[in-house]
Amino acid sequence: MGKNRLAMLLAAGLVISCCAAPACAEDDVVVSDSADTPAKDSSDSREEDALVSPDGLFELIDEKQSKEGQTLEDVLPEPQVVSVPDEPPSSSLSVRTLSPYPSPFDALREYADEYVEADFRFYSDSLFYTCTKHKAGNGSYYLTHVIIKDASQINGDDSFGDFGGERETPQDAAVRTGAEILVNGSYFKYETGYATGGELLIRNNEVVHGPYSDGYEICLRRDGTLFSPGYNTIDSVLAQDVVFSWGTCEDLLIKDGQECVLTDFDWNGFSYPRTAVGMVRPLEYYIITAGGADHSDGITIYQEQKIFHKLGCQYARGLDGGGSSALVIGGSYINENGDRLEDGSLARRGTADFLLFYSQPD
């Protein structure tokens, strides 16, 4: 979400975690050595500097000052840009294939101290997880470490199992699906509950929306690999055996183990409730669930990136956030995100889809 869009929402008192339309990039420019992700359309004709990340995702910046006190020139050189091609590239998509984590039994030995010190923990022959609350600056976040036995234990699901239907709360979805761990997924349109963010949305290796991938997708391959395809054709993405995808408006955080350039300084440096997922390798994942009720106590995307990188993630990216950011373990909410009502009670927000982990293989 760009600074201008965020400012309008703040002024209207409507700072929410979803967006009616992705606001992740503007104008027709991409980085010249990685022109595989298109810019988002915009009717804004203002002339501003474009910052470009390694995968071609970028934002336009009004102010040359980040929340971390860095000037634009201190962070990135002026990029070389080329026009986005009219059609997605026809070349096949290449995604790294990593060796999976051995087993939950190995995790119990490797992460014994983490397990003992965790706020929430569980171990079986098919699932290992720990969940601990941490402080980060003035905010806080839950870090959930998940290791599964089989790739069938990670998947996605639509609200009430119906793409584009009525929104469902994460707790209700966890109870309905029997998921042991569940977090909110895609950005969505508030008026319709329709998942948004990425142009291409996939369920069970079938396209339910989109003529191509625009780079704002988080894809789950059948072997448990998480990746973002960039600007590419449907056939190239489907050839990767994608079982589910989520739409995001967030910058790519980690790719091939390296920190990506974060381009929208104002949004990325804004403390906010956030949900993000990282993959160390197939079968081993980390989830960040940050912040509290009424958009309080959050963290920045800069902080998310540093956390995932320190944990050794090969891939990481943010899902929806704000009042939608929710973590459910064993059928119960762990965090307190949501919308505080006048009587002081907490209204949990329904979302369009979910990322979930099961305790047993399919």
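The preceding data block contains the structure.
Enquirer: How should I be thinking about the sheet that holds strand E24 (residues 327–329) in this particular structure?
Expert: One key point about sheets: their strands pair by backbone hydrogen bonds, in either a parallel or an antiparallel sense. The 5 strands lie next to each other as E8-E28-E9-E24-E25, forming an open sheet whose pairing is antiparallel. The strands lining the two open edges of the sheet, one partner per strand, are strand E8 (154–158) and strand E25 (332–333). Where E8 and strand E28 (residues 353–357) come together, 5 bridges link them in antiparallel fashion. Note that in E28 the partner of Asp157 across the bridge is Phe354. Contacts between helix H5 (residues 170–177) and the sheet are confined to E8, strand E9 (181–184), E24, E25 and E28, with E9 contributing the most and set at about 140° to the helix.

Enquirer: Would you mind showing me how to read unusual backbone geometry here?
Expert: Backbone geometry places Asn205, a non-glycine residue, at a positive phi of 60°. Among the structural elements, Asn205 can be located in the loop between strand E12 (201–203) and strand E13 (206–209). Non-glycine residue Leu283 carries a positive phi angle of around 85°. Along the chain, the position of Leu283 falls in the loop between strand E21 (275–281) and strand E22 (284–290).

Enquirer: What is the right way to read the pairing of strand E6 (residues 127–136) from this model?
Expert: Walk down a regular strand and you will see the side chains alternate between the two sheet faces. Burial analysis of E6 places 7 of its 10 residues in the buried class, which makes it a mostly covered element. For strand E5 (residues 120–123) and E6, the ladder comprises 4 bridges, and the chain directions are antiparallel. Considered in E6, the bridge of Phe120 is made with Cys131. Between E5 and E6, which pair antiparallel one after the other, the connecting turn spans 3 residues. For E6 and strand E7 (residues 139–148), the ladder comprises 10 bridges, and the chain directions are antiparallel. Bridged to Lys133 within E7 is Tyr142. Hairpin geometry of E6 and E7 is characterised by an intervening segment of 2 residues between the two adjacent antiparallel strands and by a positive phi of about 65° at Gly137.

Enquirer: Sorry, what's going on with the nonpolar core here?
Expert: One recurring pattern in soluble globular proteins is that nonpolar side chains are buried together. By size, the foremost hydrophobic cluster in this structure holds 58 residues, and its most contacted members are Leu226 and Phe308. Broken down by element, this core gets its largest block of residues, 6 residues, from E7.

Conventions and cut-offs
Residues numbered from 1 in each chain as written. Predicted model: local features only at pLDDT ≥ 70, side-chain atom pairs only at ≥ 80, totals over all residues. Heavy atoms only, no water. Pairing = 2+ DSSP bridges. Helix = DSSP H or I, 4+ residues; strand = E, 2+ residues; numbered from the N terminus. Contact = heavy atoms within 4.5 Å. Axes fitted to C-alpha atoms, helices over the stretch in contact; angles between N-to-C directions. Buried < 20%, exposed > 50% of the residue type's maximum accessible area, 1.4 Å probe, protein only. Core = buried A, V, L, I, M, F, W, Y, C linked by side-chain atoms within 4.5 Å.

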